[in-house]
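Spelled out from the first residue to the last, the chains are:
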Amino acid sequence: MTTDFYHLLISDCALAAVLLGLFFYVSRVSRGVRGITAWGVAHFVYSLGAALLDGTAQVLSQSGNPELARMVAGLGGLLACAGLIGLAWSVIQFVHQRALGPGERALMPLALALPLGGWLLSGGGNVQDAQGAAMSAVEVFALAVVIWQLRLLRAGPNHLPARLMMTACVALLYLYARDLAHALTGRYGPNPSWVNADLSIWFLLNFCMLMLASFRAAEALRQSALLDPLTGALNHRGLASELRASTRFVTLEGGLAVVALDLDHFKAVNDHHGHETGDQVLQRFSDVVRGCIRSNDLFVRLGGEEFMLVLRETSPEVAHRLAERIRTQVMSLEFPASTFRVTVSLGIAHTRYRHTGFNDLVRLADEALYAAKRNGRNRVELRMHPAPVL
């Protein structure tokens, strides 16, 4: 092994440490996006393990310290395999934005069994060949998992960096499959002729992963700017964004309904039971509404206890049934250690005409809501928008 090659591996570990800091920073600003920090940690652990196995162990062996070289090679193989499975884990978490399942968590002990078994069973032989074979086998498996997961990122700006990562992983698969064949035939050893290509491909992988993480972070920040933090409903800005994105709300076959919702006597809840209880009421009410509406309906918090629904492709009968279901479920809400009952008044404005102005529907829904309040609260009022004059 040349000194330059060893320094190259050390430099790769230093770069991995810098990348870990970058991934940690992006994770902090991405507000809960899964898999970002995990990628940085796993890549650092993998780089450290590979450097110990391919670099430090080789240097120790050449300097006449076979036992220490054996220990370092064994540790390096374990770290490298753990990092590889960590990379696969991070991509699974990033793509699906969920916790790992039991089968996915089981990949770690299975992968670690390979280098551990090679370490223990090599006896007095060359542990570096056994660890190299184990690392190469786990590399091939982990990269296959990464490719399989990245294929799911097809939409928006994620498509290009995901496809670049898949291409890079295919190139690494070829290198590591060849390395595995060498290790199984007792010819394992660092090959300076392709190490530069290997490190360059990993640089590309990290660059693309940073792009994907940045896209997710930007989307998380954008979404947080459009949502009410207490209830998770759209705020005014979110509603405006949805309205701009929807070029047509009404089709010939359907209709559009705007529902104004207002919790009855909500100020009394805050005054008599405290704002913490009031926040709990708003959150429970919002959960009820989300459980009743469809995925393409818009749920908006206008301020305080005032909310709005925008129901696309909806008949007046369906809108009225939905409003009644919300009213009934809200009325049945119970709160621990509280004797009050929460009710909601709802006003519906409906149109079958695609040229109806949205603001006109909002005003009509407000009129229906005021009527519901005047008529005793805890009720639903419906108003039909007349055909526009053309």
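Heads up: the structure comes first, above all this text.
Computed from a prediction, not measured in an experiment: that's the story for all the values here.

A. A look at empty space enclosed by the protein. For the structure on display, the rule yields two cavities of 30 Å³ or more. Lining the second largest cavity we find Trp39, Leu84, Leu87, Ala142, Leu143, Val146, Cys169, Trp202 and Leu205. Secondary structure elements with two or more residues in the lining of the second largest cavity: helix H3 (66-96), helix H6 (127-150) and helix H8 (192-226). Among the residues forming the lining of the second largest cavity, the class breakdown is nine nonpolar, no polar and no charged.

B. Structural view of the side chain of His350. Looking at where His350 falls in the secondary structure, it is placed in strand S4 (residues 344-351). Among the residues examined, His350 registers a relative accessible area of 0% and is labelled buried. If we skip the residues at most four places from it in the chain, His350 touches Gly255, Leu256, Ala257, Thr314, Ser315, Pro316, Leu361, Leu382, Arg383, Met384 and His385.

C. Examining the packing of helix H10 (residues 266-273) against helix H11 (residues 275-292) more closely. For the pair H10 and H11, interaxial distance at closest approach is 7 Å and the crossing angle is 140°. As judged from the angle between their axes, H10 and H11 are oblique. Mapping the contact onto sequence places Phe266, Val269, Asn270 and His273 in H10 and His275, Thr277, Gly278, Val281 and Leu282 in H11. Along the lines of polarity and charge, the residues of the contact of H10 with H11 split into four nonpolar, five polar and no charged.

D. Expanded view of unusual backbone geometry. Here Gln97, not a glycine, exhibits a phi torsion of approximately 50°, which is positive. Along the chain, the position of Gln97 falls in the loop between H3 and helix H4 (102-105). Assessed through its relative accessible area of 29%, Gln97 is described here as partly exposed. Its identity is not glycine, yet Arg377 carries a phi of approximately 65°, on the positive side.

E. Main features of helix H5 (residues 107-121). Along its 15 residues, H5 runs 21 Å from first to last C-alpha, staying within 8% of the 21 Å computed at 1.5 Å per residue. Within the span of H5, buried status applies to Leu107, Met108, Ala111, Pro115 and Gly118. In the core, the buried residues of H5 are packed alongside H3, H4 and H6.

F. Structural detail: the sheet that holds S4. Taken in spatial order, the five strands of this open sheet run S2-S3-S1-S4-S5, and their pairing is mixed. Edge strands, defined here as strands with exactly one partner in the open sheet, are strand S2 (298-303) and strand S5 (380-384). Mean inter-strand twist for the sheet, computed between neighbouring axes without regard to direction, equals 20°. One ladder, built from seven bridges, connects strand S1 (residues 256-263) with strand S3 (residues 306-312); its direction is antiparallel. Residue pairing for S3: Leu256 is matched across the bridge by Arg312.

G. Examining the side chain of Asp297 more closely. Along the chain, Asp297 turns up in the loop between H11 and S2. Note on Asp297: relative accessible area 8%, which makes it buried. In terms of polar contacts, Asp297 uses its side chain to reach the side chain of Arg294, at 2.8 Å. Aside from chain neighbours lying at most four places away, what touches Asp297 is Val310, Leu311 and Arg312.

H. Representation of the state of the cysteines. The tally for this structure, following the rule as stated, stands at zero disulfides. A disulfide-free cysteine, Cys169 has its sulfur positioned 9.6 Å from the sulfur of Cys208, the nearest such atom. A residue is classified by how much of its surface remains accessible, and Cys169, at 1% relative accessible area, is buried.

I. Structural context of the nonpolar core. Ranked by internal contacts, the top residues of the largest apolar core, which has 59 residues, are Trp39, Met135, Leu150, Met165, Leu172, Trp202 and Leu205. Mapped by element, the contributors of at least two residues to this core are helix H1 (3-29), helix H2 (36-62), H3, H5, H6, helix H7 (159-184) and H8. Among the elements that line this core, the one with the most residues is H3, at 14 residues. In contact with Leu205, not counting residues within four places along its chain, are Trp39, Met165, Ala168, Cys169 and Leu172. By size, the runner-up hydrophobic cluster in this structure holds 31 residues, among which are Val269, Phe299, Phe340 and Ile348.

Rules and cut-offs
- Chains are numbered independently. Their residues run from 1 in the order of the written sequence.
- The predicted nature of this model means local features are confined to residues of pLDDT at least 70 and side-chain atom pairs, given and counted, to a pLDDT of 80 or more, with totals for whole chains, interfaces and linings taken over all residues.
- The basis for every side-chain value is the complete set of non-hydrogen atoms in the structure, without hydrogens or water.
- For cavity detection a 1 Å grid was placed over the protein atoms alone, and a set of points counts as a cavity when a 1.4 Å probe fits there but cannot get out; an open set counts as a pocket when protein lies on both sides within 12 Å along at least five of seven lines, with lining residues being those that have an atom within 4 Å of a point.
- Grid points are joined across faces, edges and corners, and a volume is the space filled by probe spheres set on the points.
- A run of H or I in DSSP becomes a helix once it reaches four residues, and a run of E becomes a strand once it reaches two; helices and strands are each numbered from the N terminus.
- Polarity classes work like this: nonpolar for Ala, Val, Leu, Ile, Met, Phe, Trp, Tyr, Cys and Pro, charged for Asp, Glu, Lys and Arg, and polar for all others, with Gly in that last group.
- Partly exposed residues are those whose accessible area sits between 20% and 50% of the maximum for their type, while under 20% is buried and over 50% is exposed, using a 1.4 Å probe and protein chains only.
- In what follows, a contact means two residues having at least one pair of non-hydrogen atoms within 4.5 Å.
- For helices, the fitted axis covers only the stretch in contact; all axes are lines through C-alpha atoms, and the angles between them, taken along N-to-C directions, range from 0 to 180 degrees.
- When describing relative orientation, an angle under 35 degrees is termed roughly parallel and one over 145 degrees roughly antiparallel, while 65 to 115 degrees is termed roughly perpendicular and anything else oblique.
- Multiply 1.5 Å by the residue count of a helix minus one, and that product is the helix's expected span.
- By definition, two strands form a pair when at least two bridges between them are found by DSSP.
- Think of a polar contact as two N or O atoms within 3.5 Å of one another; within protein, one of them needs to be a possible hydrogen donor and the other a possible acceptor, and neighboring residues in sequence only count if both atoms come from side chains.
- Cysteine sulfur atoms are paired as a disulfide whenever they come within 2.5 Å of each other.
- Here the nonpolar core consists of buried residues drawn from Ala, Val, Leu, Ile, Met, Phe, Trp, Tyr and Cys, with membership extended through side-chain atoms lying within 4.5 Å.

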